[in-house]
Amino acid sequence: MVEKIFSTDFKTTQDIKVPQKVVDQVIGQDRAVEIIKKAAIQRRNVLLVGSPGTGKSMIGQALSELLPSEKLVDILAFPNPKDENEPVIKTVPAGEGKKIIGQAKAKGMASFGGGNTMMIFLGFLVAFFIASYIVSIVTSNQKNDVLAAANQISGTLFIITMLIGFLLVLLIYRLGKQRITISVPKLLLDNSNVKNAPFVDATGAREGALLGDVQHDPFQSGGLGTPAHERVVLGDIHKANGGVLFIDEIANLTPETQIQLLTAMQERKMSITGRSERSAGAMVKTNPVPCDFILVGAGNPQSIGNMSPALRSRIRGYGYEIYMNETMPDTLENRDKLARFIAQEVAKDKKIPHFSREAAIEILNEARRKSDKKNALTLKLRELGGIVRVAGDLAVERKHKVVFKQDVIDAKNYAVSFEQQIASRYIKDKKDYDVIQTSGARVGRVNGLAVIENSDSGLLLPIEAITTKSMRKGGGEIIATGKLGEIAQEAVKNVSAVIKTYSKKPLTDYDIHIQFLQAYSGVEGDSASISVAISILSAITGIPIKQSLAMTGSLSILGEVMPVGGITAKVEAAINAGIKEVIIPSSNINDLILSDPKSIKVIPVTTIADVVKYSMPDSLAKRKLVSSINSALSKHYARK
C-alpha cells in the first residue's frame, strides 16, 4: 500500500487555505499556543526557550493579537511651568492626542496673528512700493546719470534694510510672545489608527531605545534651546503599553538594563530621563510614563543561564516558561501543516509563485532530513522558509508559473549555509594535500565524522594515533591534541578504559598520542569515540584501517556503540568527500535520510567488535582481535 503523503490532492499550494489569525498559523507548537491563550486572558509574562527559527517571535505576535485593544491610550508630554526640566506626562484615550495638538496649534496661530498675517504682509508690500516711488522721484531730479544711479541704489538698499529690520523685530516679538503664552505639547505615542494591541520587537535595542531617552540640545542656554518636553523620546517599553514587548536573546541585555526592565514590569510605569551623563538630557526627568506591557522574552537553552535571576524569577513567578519543540511527529496531519506553512510563506513574501505538489513533497523531504530524528519533521521553519524563498526566486527567474521540484532541488544548492561551504572547501583543500585520504589502508589513521558547532553541517575529520615507548616507569598515558572540548576529552578517557579491556598489550609500557588533524575549530562531543578507539587499536596492533571508510558513534566503557546526533549531516559529509562506506550506530539507522541512499554503503554496528570487523581489511590478526573482543563482551553479558 502506497503511503498517503497529504490528506488532500491539491495541485498547488494555492489550493490550501491560509488562516487569517497569526495564532492559527503557528505550526507544531501546540503547547505554546495553549499557554499564550491563557497568558492573554490573565496578562501573564512568557519566556520562550528554544533553538533559533522555531517560531518564538511568531508566538509573541500571536499573543498580542489575542489581547484586547479598546484600552489603548495616546501619550503626550507637556511643558512644566514650575520646572522646565520636569515635563508633565498625560495620557488620553486613543485618538484624542491629535485633537489636543491641533487645538494647541490653532490657539498658537491665533496668538501669532491668525488672519491678520496676510494684512501685515500686504502692508509691507505697499510700504515697499511707496518707498521705492519716493526714491525714484528724488533720483529723477538728479542730472548726473552716475550720481542718479548711485542715489537710487543707496536709497533702495536703505529702504530694504529698514523693512527687513522692522520685519525681524516684529517676528521676534511675536515668537517671544507665543513662547510665553502658548505651549504646544508633544504627541509621544499616537494610537489613533491602531486596531490591535501593539507588538513591539525590542530585540537588540540599546538602553535608551528600550527605556526611553531625552535628546541632547546643544543650544540649551540663552533662550535658544528646544524645550525639554519636545526632546523626550519614548522607549520600547512605553510603546508596548497595553500590548506585547518581545525581546529575543533577552540574556544579552546588560545586568543593569535587565533590572530596570524588571522595575518597569513591576511598577507598570517608568520615568524617562537622559541616558548619557554628558548630555543636556541628563538634567531632564519626566513624571512616570505608563508601560503596562506583557513581556515575551526568548533565548536559546545555552544563554538563558545568563539572565538576571530576579528577572527570570519574575517571569516564572507571574507567568510561564515554554521550551519550544524542535521537531514534530511525521504524521499525515503534520504533513498537511507543513504544506500549509509553504502556502503561508508564499503569501507573506508576495513575490514568489505557489508550489506544485511535487515541490511541496521535496520541501517535506528536506524537513525530514533536517529533523535528524526518525519519523519526525523539523520545526526550524526559518531554515525551511529560506529554501522556499530561494526556490521561488529561481522559479521567477525561469519564468515558471509555479515552483517545480527541480527548483527546490536547485535551491538547496544555493541556500547552503556558510558552514556547509566551509566544510566543502575544507574537504577539497585537504584532499589536494592528502590530509584526507579516501583510498588504501593505513595503521592508526581513521576518517572520523563530526558536525560543525552550532550548525547542521557535517565535516570529515581525520584522526591519527601512534604509540611510543613510555619514558616513565609505570607510565602509559593517552595524550590527545586538536582543541578538544570538555566532553571530547572525557570521551578519550572513556576510550582508554575500552582499550585496556580489549588490548592484550600492557598499556603501562606505552604512551598513546592521538591527533585530530587540523581541527582548527575545535572538537566537541563524544561522537568521535569509536574513531579514536579504532585508531588506537590499530596503532597498538599494527592492523591497518580502510581509508575509503568513515565512521561516527559514541562508545560506552564496555564497548557498546551508542547513538549520536547529526547523523544525516555527517554521512552527507562523507559522501561529499568521496567516501565509499560509512559506519554508524545501529540505533541511528532510522534517523538517516539521504536523497540518494545508493550513493554510499551504510554499515550499522552495535559493538566495538563490529567496528573492527568492518573497518579493517581481512587478516588473521584482525580475526583474532574481533574474537578476543567478542569473548570479553560475552563474559561481561554472562556476568550480567
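Structure shown above.
Residues numbered from 1 in each chain as written. Predicted model: local features only at pLDDT ≥ 70, side-chain atom pairs only at ≥ 80, totals over all residues. Heavy atoms only, no water.

Thoughts on the nonpolar core
Core analysis: the biggest nonpolar cluster contains 37 residues, and Ile 534, Ile 536 and Val 611 have the highest contact counts within it. Here this core takes eight residues from helix α16 (residues 529-541), the largest share from any one element. Those residues in contact with Ile 536 that lie beyond four places of it in its chain are Ala 465, Val 495, Ile 499, Ile 512 and Ile 514. (Core = buried A, V, L, I, M, F, W, Y, C linked by side-chain atoms within 4.5 Å. Buried < 20%, exposed > 50% of the residue type's maximum accessible area, 1.4 Å probe, protein only. Helix = DSSP H or I, 4+ residues; strand = E, 2+ residues; numbered from the N terminus. Contact = heavy atoms within 4.5 Å.)

Observations concerning helix α12 (residues 381-397)
Each full turn of the α-helix corresponds to 3.6 residues, which orients residues three or four apart in the same direction. Look at α12: 24 Å from first C-alpha to last across 17 residues, which is about the 24 Å you get at 1.5 Å a residue. Burial in α12 covers these residues: Leu 381, Leu 384, Gly 385, Ile 387, Val 388, Ala 391, Gly 392, Leu 394 and Ala 395. On its buried side, α12 packs onto α10 (332-349), α11 (357-371), β14 (376-378) and α13 (405-414). (Expected span 1.5 Å × (residues − 1).)

Quick notes on the packing of α11 against α13
Running from N to C, α11 and α13 cross one another at 35 degrees; their axes reach a closest spacing of 7 Å. Across from Glu 358, Ala 359, Glu 362, Ile 363 and Glu 366 in α11, the residues of α13 making contact are Lys 405, Val 408, Ile 409 and Lys 412. When its residues are assigned to classes, the contact of α11 with α13 shows four nonpolar, no polar and five charged. (Axes fitted to C-alpha atoms, helices over the stretch in contact; angles between N-to-C directions. Nonpolar A, V, L, I, M, F, W, Y, C, P; charged D, E, K, R; others polar.)

Looking at the pattern of salt bridges
Under the defined criterion, the tally for this structure stands at 29 salt bridges. Between Asp 292 and Arg 268 there is a salt bridge, with the nearest N and O atoms lying 3.8 Å from each other. Residue Asp 292 is located in the loop between β10 (289-290) and β11 (294-299), and its partner Arg 268 is located in the loop between α8 (255-267) and β9 (269-270); the two are separated by 24 residues in the primary sequence. Two residues, Asp 407 and Arg 398, come together in a salt bridge whose shortest N-O distance is 2.7 Å. On the basis of relative accessible area, Asp 407 is assigned to the buried category, the value being 1%. Members of the salt-bridge network, linked through shared partners, are Glu 362, Glu 366, Arg 369, Lys 370, Glu 383, Lys 412 and Glu 572. (Salt bridge = Lys/Arg side-chain N within 4 Å of Asp/Glu carboxyl O.)

Topic: the environment of Val 408
Note that Val 408 resides in helix α13. Classification of Val 408 as buried rests on a relative accessible area of 0%. Each C-alpha atom of the pair Val 408 and Val 388 lies 7.4 Å from the other, and the pair is 20 residues apart in sequence. Ignoring anything within four residues of it in the chain, the contact list for Val 408 reads Phe 355, Ala 359, Glu 362, Ile 363, Ile 387, Ala 391 and Val 403.

Let's talk about the packing of α16 against helix α18 (residues 608-615)
Packing of α16 against α18 leaves a shortest axis separation of 11 Å and a crossing angle of 65 degrees. Seen along the crossing, α16 lies across α18 with a hand that is right-handed. Contacts between α16 and α18 involve Ile 530, Ala 533, Ile 534 and Leu 537 from the former and Ile 608, Val 611, Val 612 and Ser 615 from the latter. Considered class by class, the residues forming the contact of α16 with α18 number seven nonpolar, one polar and no charged. (Left-handed = near helix turned anticlockwise from the far one by under 90°.)

Observations concerning the sheet that holds strand β2 (residues 73-78)
The antiparallel open sheet is built from three strands, whose spatial order is β3-β2-β4. The open sheet terminates on both sides in strands that have one partner only, identified here as β3 (88-93) and β4 (186-189). Strand-to-strand twist across the sheet, computed as the mean angle between neighbouring axes with direction ignored, equals 35 degrees. Direction of pairing for β2 relative to β4: antiparallel, over a ladder of three bridges. (Pairing = 2+ DSSP bridges.)

A short note on the pairing of β11
Burial of β11 is extensive: six of the six residues sit out of reach of the surface. Alternating residues of β11 divide into Ile 294, Val 296 and Ala 298 and Leu 295, Gly 297 and Gly 299, and every residue in both groups is buried. Across four bridges, the pairing between strand β1 (residues 45-49) and β11 is parallel. By the bridge assignment for β11, Val 49 is matched with Gly 299. Pairing of strand β8 (residues 244-247) with β11 involves four bridges; the strand directions are parallel. Residue pairing for β11: Phe 246 is matched across the bridge by Val 296.

Some points on unusual backbone geometry
Unusually for a residue other than glycine, Lys 350 sits at a positive phi of about 65 degrees. Along the polypeptide, Lys 350 turns up in the loop between α10 and α11. A residue is classified by how much of its surface remains accessible, and Lys 350, at 72% relative accessible area, is exposed. One non-glycine residue, Lys 399, adopts positive backbone phi at about 60 degrees. One can find Lys 399 in the loop between α12 and α13.

Considerations on the side chain of Lys 570
The residue Lys 570 is located in helix α17 (residues 567-576) in this model. Separated by 3.3 Å, the side chains of Lys 570 and Thr 552 make a polar contact. (Polar contact = N/O pair within 3.5 Å; in protein donor to acceptor, adjacent residues only side chain to side chain.)

Let's talk about the sheet that holds strand β5 (residues 199-201)
Within the open sheet, the five strands sit side by side as β5-β8-β11-β1-β12. Their pairing is parallel. Of all strands in the sheet, those bounded by a partner on one side alone are β5 and β12 (319-323). Going from strand to strand, the sheet's axes swing by 15 degrees on average, the running direction of each strand aside. Contacting β1, β11 and β12, helix α1 (residues 30-42) crosses the sheet at an angle of about 170 degrees to β12.

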